[in-house]
There are 2 protein chains.
Amino acid sequence: MSQPVRPPAPETRDRILDAAEALFVEHGFEATSMRMITSQAGANIAAVNYHFGSKDALIQEVFRRRLTELNRQRLAALERLQADAGGAPLKPSRIVDAFFGTALELAADTEHGGHTFMRLLGRTYTEPNAFVRQFLAEEYAEVLERFLGALYGALPDVPREEILWRFHFMMGAMSYAIAGTDGLQLFAGHFDDADPQRLMPRLMSFLLGGLRAPLPEFSEVARKGGREAA
Amino acid sequence: MSQPVRPPAPETRDRILDAAEALFVEHGFEATSMRMITSQAGANIAAVNYHFGSKDALIQEVFRRRLTELNRQRLAALERLQADAGGAPLKPSRIVDAFFGTALELAADTEHGGHTFMRLLGRTYTEPNAFVRQFLAEEYAEVLERFLGALYGALPDVPREEILWRFHFMMGAMSYAIAGTDGLQLFAGHFDDADPQRLMPRLMSFLLGGLRAPLPEFSEVARKGGREAA
DNA sequence: GTCTATACCCGGATAGAC
DNA sequence: GTCTATCCGGGTATAGAC
C-alpha cells in the first residue's frame, strides 16, 4: 500500500486561500480577522503569517491566483480575434466581449468560486487601500494596454481619450452588474429577474450602446444652470 | 460687550465629521482609526462616542448630512421637470441629468468637500459592511422609486426590468467616473485629460447611449461557446 | 451638556518551542 | 510546518471633571 511519493499534502495553504476568499466577500477585508480565516480553514492563527507573511500578502495572493488566469483568458480571446481577422480591423463588440464577457463567464461559475471572486474583484477596483490598488494596476497593465490598443484600432474616428473614459465607465457598469446579482444592494426588492444567464446580454447591450454613443460636445463656457432651463 | 446669547460653540461635533470624511476618503473606513479622527479634529478620543455613539454611527452621520441634501436636490430637479412638462412624458435625457448631473455637480465642488464626499459615496455602494448598505438603501428608497417611475413613463416600450438594470449599470459608470478623476486608479498614467469640466458631457453621452441601446436578445439555449466562433 | 482619562477586550504580528 | 505566548494598537464603555 506504500505509494512511491505521497504528494506532501499541500493543503493548509490552499484551505486558507479558499476560506479567506469566501470571508472577504461576505465581510470585507478589514472585518475579516485572521482568526476567522484560520479557524474556518482548520489551521492555526500563525499559519497565515508563515505561509504568506502578512494579512496584506494573503489578500494579494487571493487576487493573484484568480486574476492571472482571468487576464490570461482575456488575452487569449483577443489574440483569437486578431488571428481570425487576419489584419482587418476588429469589431468593437467582439473586443468588448473578449474583455467583459470573459469576466462575466467567470462570474457565472458558482461551482469553483468564480462568482465569489468576481464579486470581490468588482468592489476592489475602488479600494482605498494603497497596496491593493497598486497591485491591481500592475496585474492589469498589460491587458489594458492590449485592449485599449485594439479599441483604438477598431474605432479610429473616436478620440483616444474618449475611448479611455468609456472603457473606464464600462468597468464601473460591469462591477455593479456583478454586485447586483446578489440582492441586498440598493435595488433590493426591485429586481424580479436576476437570472445570471440573462445578465450577459443585458450588460453587453448597455456597454455597446455607451461605447458607440454620439460623442459629447464640450461647451467652452461654463455650462452651469444648463439643467435649469426648460 | 456681553452678547445676548453666544451660540454654544457647536464646534467639536462638526470638526469630527469633517475630519472623518476626509480621512475616510483617503484611507477607507477601517483603516481610519478613531484616534486619527479625533486627533485631526483636535478632540478627545471619547468625543466620538459621546456625540455619535460608535464609529459606525459616525460613518452613518457623515453620509446622512450630505446625502439628504443631494437627494433633496435630485427630487427638486425631477419635480421641476415634471412641472415644466405639464403631464407630457419627460425626455429620458432630462431624467438622467436630474439624477446623475446633480451628483456630478456636487462632485465638482472642491471647495466645500462635495468632491471628497462623492468619492467616498461612489465606492461605498458596493461596501460589504451590512449596516452601511442598509443605511444607503433606506436613504435612496424614495429617490429611486421616483426616478425609476419617471423612466418607466418616459420609456414605455422598454421592459421595466431592463430599465432597472440599466439604471444600476449607470450608477456603476458614475461611480467609476468620479473615482477616475483622482489618478492613482487602474488607468493611472493613461488619462491625459481628466478635466472635471469635461467629465459631465462625457459621462452623459455614455449613459444615454447605454440607456437607449437596442434591447438584448435572450437566447433560450445556453450561449456557451458563442464567443469562440468567428 | 460637554469633554477627558482610563480601563477593557479584540485583532494582527512575531518569537521561539516543538 | 505547526503551535503557544506575548506585544502593541484599535474600538468601546464608563467614571468623573468642568
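Residues numbered from 1 in each chain as written. Chains lettered and ligands numbered in written order. Predicted model: local features only at pLDDT ≥ 70, side-chain atom pairs only at ≥ 80, totals over all residues. Heavy atoms only, no water.

1. A closer look at the packing of helix H9 (residues 196–211) of chain A against helix H9 (residues 196–211) of chain B
Angle between the axes and distance between the axes are the two parameters that describe a pair of packed helices. For the pair H9 of chain A and H9 of chain B, interaxial distance at closest approach is 6 Å and the crossing angle is 135 degrees. Here H9 of chain A is positioned oblique relative to H9 of chain B, judged by the angle of their axes. Between H9 of chain A and H9 of chain B lies a crossing of right-handed hand. Of the residues in H9 of chain B, those touching H9 of chain A at Phe-206, Leu-207, Gly-209, Gly-210 and Leu-211 of chain A are Phe-206, Leu-207, Gly-209, Gly-210 and Leu-211 of chain B. Among the residues forming the contact of H9 of chain A with H9 of chain B, the class breakdown is 6 nonpolar, 4 polar and no charged. (Axes fitted to C-alpha atoms, helices over the stretch in contact; angles between N-to-C directions. Helix = DSSP H or I, 4+ residues; strand = E, 2+ residues; numbered from the N terminus. Parallel < 35°, antiparallel > 145°, perpendicular 65-115°, else oblique. Left-handed = near helix turned anticlockwise from the far one by under 90°. Contact = heavy atoms within 4.5 Å. Nonpolar A, V, L, I, M, F, W, Y, C, P; charged D, E, K, R; others polar.)

2. Regarding the protein's contact with DNA strand D
The environment of DNA strand D is formed by 14 residues, the closest being Asn-44 and His-51 of chain A together with Met-34, Arg-35 and Lys-55 of chain B. The contact atoms of DNA strand D, taken as those within 4 Å of the protein, divide so that sugar and phosphate hold 59%. Within the backbone of Met-34 of chain B, an N or O atom sits 2.7 Å from a phosphate oxygen of DNA strand D. Sorting the residues of the surface near DNA strand D by element identifies helix H3 (45–52) of chain A together with helix H2 (34–41) and helix H3 (45–51) of chain B as the ones contributing at least two each. (Near = heavy atom within 4 Å. Polar contact = N/O pair within 3.5 Å; in protein donor to acceptor, adjacent residues only side chain to side chain.)

3. Some remarks on the protein's contact with DNA strand C
If you check the shell around DNA strand C, you find 15 residues, and the closest are Met-34 and Arg-35 of chain A together with Thr-12, Ala-46 and His-51 of chain B. Atoms of DNA strand C within 4 Å of the protein belong to the sugar or the phosphate in 57% of instances, the rest to bases. For DNA strand C, a phosphate oxygen lies 3.1 Å from a polar atom in the side chain of Tyr-50 of chain B. His-51 of chain B places a polar side-chain atom, nitrogen or oxygen, 2.6 Å from a phosphate oxygen of DNA strand C. At the level of elements, helix H2 (34–41) of chain A together with H3 of chain B are the ones that each hand at least two residues to the surface near DNA strand C. Considered class by class, the residues forming the surface near DNA strand C number 5 nonpolar, 8 polar and 2 charged.

4. So, the packing of helix H8 (residues 160–179) of chain A against helix H8 (residues 160–179) of chain B
As a packed pair, H8 of chain A and H8 of chain B sit with axes 7 Å apart at the nearest point and diverge in direction by 125 degrees. With respect to their mutual orientation, H8 of chain A and H8 of chain B come out oblique. Here H8 of chain A and H8 of chain B pass one another in a crossing that is right-handed. Here Trp-165, His-168, Phe-169, Met-171, Gly-172, Ala-173, Ser-175, Tyr-176 and Ala-177 of chain A of H8 of chain A lie close against H8 of chain B, whose contacting residues are Trp-165, His-168, Phe-169, Met-171, Gly-172, Ala-173, Ser-175, Tyr-176 and Ala-177 of chain B.

5. Quick look at the interface of chain A and chain B
Every contact between the two is made by 77 residues of chain A and, on the other side, 77 residues of chain B. A combined buried area of about 7000 Å² lies between chain A and chain B, and 65% of that area is made up of carbon and sulfur atoms. There are 2 salt bridges connecting chain A and chain B. Ionic pairing is found between Glu-162 of chain B and Arg-202 of chain A, a salt bridge with its closest N-O pair at 2.8 Å. Inspection of the chain A/chain B interface yields 4 residue pairs in polar contact (both at pLDDT 80 or more). (Buried area = accessible area lost by both parts, 1.4 Å probe. Salt bridge = Lys/Arg side-chain N within 4 Å of Asp/Glu carboxyl O.)

6. Remarks on the relation of the copies chain A and chain B
The transform that puts chain A on chain B rotates by 180 degrees and translates by 0.0 Å along the axis, for an RMSD of 0.1 Å. Expressed as an axis order, the relation between the two copies is that of a two-fold axis. Most of the interface of chain A is mirrored in chain B, where 99% of its interface residues are also at the interface. (Least-squares fit on C-alpha atoms with pLDDT ≥ 70 in both.)

7. Focus on the side chain of Thr-124 of chain B
Relative to the helices and strands, Thr-124 of chain B resides in helix H6 (residues 114–124). Discounting chain neighbours no more than four positions away, the residues touching Thr-124 of chain B are Phe-29, Phe-63, Val-132 and Leu-136 of chain B.

8. Here's the deal with the pattern of salt bridges
All names here are of chain A. This model, assessed by the stated rule, comprises 20 salt bridges over all chains. Note that Glu-69 and Arg-72 form a salt bridge whose closest N and O atoms lie 3.0 Å from each other. Of this pair, Glu-69 and Arg-72 both sit in helix H4 (residues 55–85), 3 residues apart, which is roughly one turn of that helix. The exposure class of Glu-69 is partly exposed, given its relative accessible area of 34%. By relative accessible area, which is 46% here, Arg-72 ends up partly exposed. Connected through shared salt-bridge partners, Asp-18, Glu-21, Arg-65 and Arg-66 make up one network. (Buried < 20%, exposed > 50% of the residue type's maximum accessible area, 1.4 Å probe, protein only.)

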